[in-house]
Amino acid sequence: MKSKYLLKLNLQTFAAGTKTLEELQQERAAIHDKQEALVVKAQTENRGFNSEEETEYNNLEEQFLNLNAEIEKMEQQATLSIKRLIVLRLLTLLQNHSGHLLLQVLLSSPSN
């Protein structure tokens, strides 16, 4: 039960600063939507970007790439955390199982 809580906590609290993974993903999606809106506007008007739109698009692209790098790093950290929790849980199970086996051996041994 405790490991499930820790796993949930770790996945929710990995953050750059105070933002969670989900918040960063939402921010990245919003940036993508802004980029798409710029493209659609220019296409609807049968033209390319003007200089302001191109600058805005490039700034958004830089933000998108930076967020993407942060998200990837957090996902890697979350994966490592999950792997550590799994290993700790397996070690605990093995330790408990070994303790039970030792107790069984001691109980079944003839007394001296």
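Note that the structure is a prediction, hence the values are computed from the model and not measured. (Residues numbered from 1 in each chain as written. Predicted model: local features only at pLDDT ≥ 70, side-chain atom pairs only at ≥ 80, totals over all residues. Heavy atoms only, no water.)

Caption draft 1: Geometry of the nonpolar core. Counting residues in hydrophobic clusters, the biggest one holds 9 residues: L21, L24, I31, L38, L60, F64, L67, I71 and M74. Sorting the residues of this core by element identifies helix 2 (21–44) and helix 3 (51–108) as the ones contributing at least two each. A total of 5 residues in this core trace back to one element, the largest contributor, which is helix 3. Once residues within four sequence positions are removed from consideration, I71 is found in contact with L21, L24, Q25 and R28. (Core = buried A, V, L, I, M, F, W, Y, C linked by side-chain atoms within 4.5 Å. Buried < 20%, exposed > 50% of the residue type's maximum accessible area, 1.4 Å probe, protein only. Helix = DSSP H or I, 4+ residues; strand = E, 2+ residues; numbered from the N terminus. Contact = heavy atoms within 4.5 Å.)

Caption draft 2: Summary view of the pattern of salt bridges. Evaluation of the coordinates by the stated rule reveals 4 salt bridges. With a closest N to O distance of 3.9 Å, K41 and E53 form a salt bridge. Taken together, the positions of K41 in helix 2 and E53 in helix 3 put the pair 12 residues apart, joining distant regions of the chain. Using a relative accessible area of 43% as the deciding quantity, one classes K41 as partly exposed. Residues E45 and R47 are paired through a salt bridge, measuring 2.6 Å at the closest nitrogen-oxygen approach. Each of K41, E45, R47 and E53 takes part in one network of salt bridges that share partners. (Salt bridge = Lys/Arg side-chain N within 4 Å of Asp/Glu carboxyl O.)

Caption draft 3: Fine view of unusual backbone geometry. Backbone geometry places N46, a non-glycine residue, at a positive phi of 50°. Take N46: it is sitting in the loop between helix 2 and helix 3. The class of N46 is exposed, set by a relative accessible area of 71%.

Caption draft 4: Structural detail: the side chain of Q35. Mapped onto the fold, Q35 is located in helix 2. Of the residues examined, Q35 reaches a relative accessible area of 4% and is grouped as buried. Excluding residues within four positions of it along the chain, Q35 makes contact with Y57, L60, E61 and F64.

Caption draft 5: Looking closely at a nonpolar patch on the surface. Among the surface-exposed residues, V87, L88, L91 and L94 lie close enough to one another that they form a single nonpolar patch of about 390 Å² accessible area. Checked against the element boundaries, L88 lands in helix 3. Owing to a relative accessible area of 52%, L88 belongs among the exposed residues under this scheme. (Patch = residues over 30% accessible without salt bridge, like charges linked within 9 Å, V, L, I, M, F, W, Y side chains within 5 Å. Areas by Shrake-Rupley, 256 points an atom, 1.4 Å probe, with all protein chains shown as cover.)

Caption draft 6: Quick peek at helix 2. Over its 24 residues, helix 2 runs 34 Å from end to end, which matches the ideal 34 Å to within 8%, given 1.5 Å per residue. Buried residues of helix 2: L21, L24, I31, Q35, L38 and A42, and no others. Just downstream of helix 2 lies N46, where phi reads positive at about 50°. (Expected span 1.5 Å × (residues − 1).)

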